[in-house]
Amino acid sequence: IMLPVGPSEFSPGFNENIDLFNMHPNPVADGRLNVDINRGNVFSIKLFNSVGQIVYNSTDLHSQILDVSEFPAGLYVMSVQTKSGIFLNKKVLIH
């Protein structure tokens, strides 16, 4: 039996965690990625490239605009860790 990994609508705490962060615009065309986070519940944010390397890592949650203008075009994953240790991931496309 294979079970899904990660948060789903059936996971405990899913509704509380789904709105912890949003990113826009997606795709990113102007080199600026706006990240809206719930600072009270978020511990860190990381951005991974398509081969799994961390290209951005911060626990300083005051900066809400990431300069991604020097990043190569491609698909990235934004990972947010909550203070309770839950990881939430969203894909972002950088042009």
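None of these values were measured; they are calculated from a predicted model. (Residues numbered from 1 in each chain as written. Predicted model: local features only at pLDDT ≥ 70, side-chain atom pairs only at ≥ 80, totals over all residues. Heavy atoms only, no water.)

### Examining the sheet that holds strand 6 (residues 74-82)
Phase 1: Read from one edge of the open sheet, four strands run 4-3-6-7, paired in antiparallel fashion. Edge strands, defined here as strands with exactly one partner in the open sheet, are strand 4 (54-58) and strand 7 (87-94). For this sheet, the mean angle separating the axes of adjacent strands, direction not counted, is 20 degrees.
Phase 2: Across six bridges, strand 3 (residues 42-48) lies against strand 6 in antiparallel orientation. Across the sheet, the residue bridging to Ser 44 is Gln 81, located in strand 6. (Pairing = 2+ DSSP bridges. Helix = DSSP H or I, 4+ residues; strand = E, 2+ residues; numbered from the N terminus. Axes fitted to C-alpha atoms, helices over the stretch in contact; angles between N-to-C directions.)

### Here's the deal with the confidence of the model for the protein chain
Phase 1: Per-residue confidence for the protein chain gives a mean pLDDT of 82; residues scoring 70 or more make up 79%.
Phase 2: Predicted confidence for residues 1-15 stays below pLDDT 50, and this span has six contacts to residues more than four positions away or in other chains. (pLDDT = per-residue confidence, 0-100. Contact = heavy atoms within 4.5 Å.)

### Some details on the nonpolar core
Across soluble globular proteins, you tend to see nonpolar side chains buried next to one another.
Phase 1: Counting residues in hydrophobic clusters, the biggest one holds 19 residues, and the most contacted among them are Leu 33 and Met 78.
Phase 2: Going through the elements one at a time, strand 1 (21-24), strand 2 (32-37), strand 3, strand 6 and strand 7 are the ones with two or more residues in this core.
Phase 3: Setting aside residues up to four positions removed in sequence, Met 78 forms contacts with Phe 21, Met 23, Leu 33, Val 35, Ile 45, Lys 46, Leu 47, Leu 66, Leu 88, Asn 89 and Lys 90. (Core = buried A, V, L, I, M, F, W, Y, C linked by side-chain atoms within 4.5 Å. Buried < 20%, exposed > 50% of the residue type's maximum accessible area, 1.4 Å probe, protein only.)

### Let's talk about the sheet that holds strand 1
Phase 1: Reading across from one edge, 1-2-5 is the order of the three strands in this open sheet, with antiparallel pairing throughout. Strands at the two margins of the open sheet, each flanked by one partner only, are strand 1 and strand 5 (65-67). Direction aside, neighbouring strands of the sheet carry axes that sit 25 degrees apart on average.

### Things to note about the pairing of strand 6
Phase 1: One ladder, built from eight bridges, connects strand 6 with strand 7; its direction is antiparallel. Bridged to Ser 79 within strand 7 is Asn 89.
Phase 2: The hairpin formed by strand 6 and strand 7 contains four residues between the paired strands, and Gly 85 there has a positive phi angle of roughly 90 degrees.

### Considering the side chain of Asn 49
Phase 1: Examined against the element boundaries, Asn 49 turns out to sit in the loop between strand 3 and strand 4.
Phase 2: Within the structure, the side chain of Asn 49 is placed 2.8 Å from the side chain of Gln 53, a separation counted as a polar contact.
Phase 3: Discounting residues that sit within four places of it in the chain, Asn 49 has contacts with Val 55, Leu 75 and Tyr 76. (Polar contact = N/O pair within 3.5 Å; in protein donor to acceptor, adjacent residues only side chain to side chain.)

### Some points on the packing of aromatic side chains
The relative placement of two aromatic rings is captured by the distance of their centres and the angle of their planes.
Phase 1: One pass over the structure, following the stated rule, counts one aromatic pair.
Phase 2: The ring of Phe 21 is capped by Lys 90, whose NZ or CZ atom sits 4.6 Å from the centre of that ring. (Phe/Tyr/Trp six-rings, centres within 6.5 Å; stacked < 30°, edge-to-face > 60°. Lys NZ or Arg CZ within 6 Å of the ring centre and 35° of its normal.)

### Notes on the side chain of Ser 58
Phase 1: Locating Ser 58 in the fold gives a position in strand 4.
Phase 2: Among the polar contacts made by the side chain of Ser 58, one reaches the main-chain amide nitrogen of Asp 60 at a distance of 2.9 Å.
Phase 3: For Ser 58, the contacting residues outside a window of four places in its chain are Ser 44 and Ile 45.

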